[in-house]
Amino acid sequence: MDKIKAFFTDIKASLTRKMGGVFSKDELSDFQKSKLMHEFHTFIDLNKDGILEWNDFDTARKKICSLSGWKEGNPKYIKTKQVFKDIWRYLQDDGDQNLDGKITAEEWLNMWEKFHKDYLARKKEKNYDESEEKLPDWLERYIEYKFDLYDRVGDGEIDSEEFEYVMGDFGVAAKDARNAFLLFSMVIWLLSSSSSSPSSSSSSSSSSSLSS
């Protein structure tokens, strides 16, 4: 999990340097909001009713176990069940503003706006240390889930076939999935090459998988 967290933290830090401090703006951009809503509608709100409930997460849990061939009683089946319970519990704590046991699309965006503003406020504090930044508990577990979801063979890497297979199960066209993987791979390579030597950058450019 530490490797996965570091992977995403490095991306954020590199993007902040490369894109002129995109994360320093007071409000989330329309593009950022659209990406957050894509995540909401594609990977979490599986019954497409515009509201997140435990049933959505339980359905996602069953989907990943089915895709992976994990039967009830299997250690990974048991772990996945607990991961999704943790994600939902932590997400409710952070996002369910009116405590009705549901999270609307509006509450989802409001939660991310709050995370964003809290982050900017911390950056202004004296003695602020970026390395001490901690992801919300539910997001830690969600990142773990998403990586495991794409990593079909469990080798710690995500290749284009795995990515396309999983995205297809969530209703994304094969061509769109391949293009997304290619774009994401290029971004990862560009970010990693900015902090590595010319020789290591050259060798990494030939990689066709994303590693944790």
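Shown above is the structure to which this text applies.
Fair warning: this is a prediction, and the values are worked out from it, not measured in the lab. (Residues numbered from 1 in each chain as written. Predicted model: local features only at pLDDT ≥ 70, side-chain atom pairs only at ≥ 80, totals over all residues. Heavy atoms only, no water.)

Caption draft 1: Summary view of empty space enclosed by the protein. Counted under the stated rule, the structure contains one cavity of 30 Å³ or more. Estimates place the volume of the largest cavity at around 40 Å³. Taken together, F43, I44, D56, F57, A60, F84, Y142 and Y145 make up the full set of residues lining the largest cavity. If you list the elements that add at least two residues to the lining of the largest cavity, you get α2 (30-44), α3 (54-68) and α6 (137-150). Of all the elements, α3 adds the most residues to the lining of the largest cavity, at three residues. Of the residues that constitute the lining of the largest cavity, the class distribution is seven nonpolar, no polar and one charged. (1 Å grid on protein atoms, 1.4 Å probe; cavity = no way out; pocket = protein on both sides within 12 Å on 5 of 7 lines; lining within 4 Å. Points joined across faces, edges and corners; volume = space filled by probe spheres on them. Helix = DSSP H or I, 4+ residues; strand = E, 2+ residues; numbered from the N terminus. Nonpolar A, V, L, I, M, F, W, Y, C, P; charged D, E, K, R; others polar.)

Caption draft 2: The arrangement of the pattern of salt bridges in detail. In total, this model carries five salt bridges according to the counting rule given. Note that D118 is salt-bridged to K114, the shortest N-O span being 2.8 Å. Of the two residues, D118 and K114 both sit in helix α5 (residues 105-123), four residues apart, roughly one turn of that helix. According to the relative accessible area criterion, D118 is partly exposed, its value standing at 31%. Salt bridges linked by common partners bring D58, R61 and K62 together as one network. (Salt bridge = Lys/Arg side-chain N within 4 Å of Asp/Glu carboxyl O. Buried < 20%, exposed > 50% of the residue type's maximum accessible area, 1.4 Å probe, protein only.)

Caption draft 3: Local environment of unusual backbone geometry. Of note, K48 is a non-glycine position whose phi angle comes to about 55°, a positive value. Within the fold, K48 resides in the loop between α2 and β1 (51-52).

Caption draft 4: Summary view of the side chain of E113. Here E113 shows up in helix α5. Take E113: its relative accessible area is 12%, and that puts it in the buried class. Other than its neighbours up to four places away in sequence, E113 contacts E27, L28 and K33. (Contact = heavy atoms within 4.5 Å.)

Caption draft 5: Broad picture of α6. With 14 residues, α6 extends 21 Å from end C-alpha to end C-alpha; this agrees with the ideal 20 Å at 1.5 Å per step. By the criterion of burial, α6 is predominantly enclosed, with 11 of the 14 residues buried. Listed in full, the buried residues belonging to α6 are W138, L139, E140, Y142, I143, E144, Y145, K146, F147, L149 and Y150. (Expected span 1.5 Å × (residues − 1).)

Caption draft 6: Molecular detail of the environment of G101. In this fold, G101 is placed in the loop between α4 (75-95) and β2 (103-104). Apart from residues no more than four positions distant in its own chain, G101 is found in contact with L52, E53, W88, Q92 and D96.

Caption draft 7: Quick peek at the packing of aromatic side chains. According to the stated counting rule, one finds four aromatic pairs in the structure shown. With 5.9 Å between their ring centres and 75° between their planes, W108 and W112 make a pair best called edge-to-face. Remark: W112 and W108 occur in helix α5; sequence separation between them is four residues, near one turn of the helix. There is no split in this pair, since W108 and W112 are both buried. Relative to F115, the ring of W112 has its centre 5.6 Å away and its plane inclined at 85°; by these criteria the two rings are edge-to-face. Note that W112 and F115 are positioned in helix α5 at a spacing of three residues, about one turn of the helix. (Phe/Tyr/Trp six-rings, centres within 6.5 Å; stacked < 30°, edge-to-face > 60°.)

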